[in-house]
Amino acid sequence: FAKATEGTTYVDATYPVNRAGAEGMGIRFGAYHFGRPEGTSAATLTGSAIAQADHLVDVAQPQPGELPPVLDLEVTGGLGTDGLAQWAQAFLDEVKARTGVSGFVYSSPNFWKANLANTGNFALAGYRLWVAHWTSKSRPQVPAQNWNGVGWRFWQWTNCVSVPGIRHCADGDRMNGPDPSAVAIEPYPSGLPLLSIPPTIVG
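Read on for an overview of the structure.

The rules behind each value
- Sequence order sets the numbering: in each chain, residues are counted from 1 along the sequence as written.
- With the structure being a predicted model, the display of local features is reserved for residues of pLDDT at least 70 and the display and counting of side-chain atom pairs for 80 or more, all residues being used for whole-chain, interface and lining totals.
- Hydrogen atoms and water are omitted, and side-chain values are computed over all heavy atoms in the structure.
- Residues belong to one nonpolar core when they are buried, are Ala, Val, Leu, Ile, Met, Phe, Trp, Tyr or Cys, and are joined through side-chain atoms within 4.5 Å.
- Think of it in three bands: residues with accessible area under 20% of the maximum for their type are buried, residues over 50% are exposed, and the middle band is partly exposed, with areas taken using a 1.4 Å probe on protein chains only.
- Put simply, DSSP marks the helices as runs of H or I at least four residues long and the strands as runs of E at least two long, and each gets a number from the N terminus on.
- We call two residues in contact whenever any of their non-hydrogen atoms come within 4.5 Å of each other.
- What makes two strands pair is DSSP finding at least two bridges between them.
- When the strands point away from the viewer and the path from the first strand over the helix to the second turns clockwise, the crossover is right-handed.
- Fitted lines through C-alpha atoms serve as axes, helices being fitted only where they are in contact, and the angles separating the N-to-C directions of these axes extend from 0 to 180 degrees.

Comments concerning the nonpolar core
Phase 1: Of all hydrophobic cores here, the largest spans 36 residues; its most connected members are Leu73, Trp87, Phe91, Trp112 and Trp147.
Phase 2: For this core, the secondary structure elements donating two or more residues are strand 1 (2-6), helix 1 (15-24), helix 2 (42-60), helix 3 (81-99), helix 4 (109-115), helix 5 (121-124), strand 6 (128-132) and helix 6 (143-148).
Phase 3: The element best represented in this core is helix 3, accounting for 7 residues.
Phase 4: Residues within four places of leucine 73 in sequence aside, it is in contact with Pro37, Leu84, Trp87, Ala88, Tyr106, Ser107, Phe111, Trp112 and Leu116.

Below, the structure written as structure tokens:
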């Protein structure tokens, strides 16, 4: 995963280089957005979230075979628990509406418990967890009652690991599963749309 966007205007200049380089080496690749929640009402919260989700999708342009988009949630923007949950839900729902893909949430257990009341609603909605818990233990702490029993899919276990070809510290991550292809974006539907039920006439 590489940073693509932040807020409504910032684009990481290294994103296209990282994407091309990783995929050129046959590495599964995905984009994340550093969320900047804001708003003072239901309308402005939702508007902010949708604008940032659209920014991510427009820049990252997720493609089949890549990893799903990620919302990196580390700051509250001064929002309370309910407002932050509404903002994050609107962001993820907009990404799904634009791409058909259920994205990931990146968060630490402490942040989730302190600022989102340890809610399991995101797990129930089908959004998977990339948990940030830096530890030498064999397993991470997982918020929301083990993400409502689903558990973590990716685990960032350190922010400083040595990787050949990278000059400084890199984040270290593990996947809970045998192969990243299991979570890759599936091919988009092709051909003409088909009605599943007959149309009705009203009025």
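Side note on the side chain of glutamate 6
Phase 1: Inspection of the secondary structure puts glutamate 6 in strand 1.
Phase 2: Residue glutamate 6 is classed as buried on the basis of its relative accessible area, which comes to 17%.
Phase 3: Beyond its immediate chain neighbours, meaning those up to four positions away, glutamate 6 contacts His33, Phe34, Arg36 and His55.

Quick word on the pairing of strand 5 (residues 104-107)
Phase 1: Side chains Phe104 and Tyr106 of strand 5 all project onto a buried face; the interleaved residues Val105 and Ser107 project onto the opposite face, where all are buried too.
Phase 2: Where strand 4 (residues 70-72) and strand 5 come together, 3 bridges link them in parallel fashion. Counted as the bridge partner of leucine 71 is valine 105 from strand 5.
Phase 3: Read as a crossover between parallel neighbours, the route from strand 4 over helix 3 to strand 5 is right-handed.
Phase 4: Bridge count for strand 5 against strand 6 is 4 bridges, and the pairing is parallel.

Things to note about the environment of lysine 137
Phase 1: Checked against the element boundaries, lysine 137 lands in the loop between strand 6 and helix 6.
Phase 2: In this structure, the C-alpha to C-alpha distance between lysine 137 and tryptophan 157, residues 20 residues apart in sequence, is 8.8 Å.

Points about the sheet that holds strand 6
Phase 1: Strand order across the open sheet formed by 8 strands is 2-1-3-4-5-6-7-8, with mixed pairing between neighbours. The open sheet has two edge strands, strand 2 (10-11) and strand 8 (170-175), and neither has a second partner.
Phase 2: Looking at chain direction, strand 6 and strand 7 (residues 154-161) are connected through 3 bridges and run parallel. Paired with tryptophan 130 across the bridge in strand 7 is phenylalanine 154.
Phase 3: Packing against the sheet, helix 3 makes contact with strand 3 (31-34), strand 4 and strand 5, and its axis sits at approximately 155° to strand 4.

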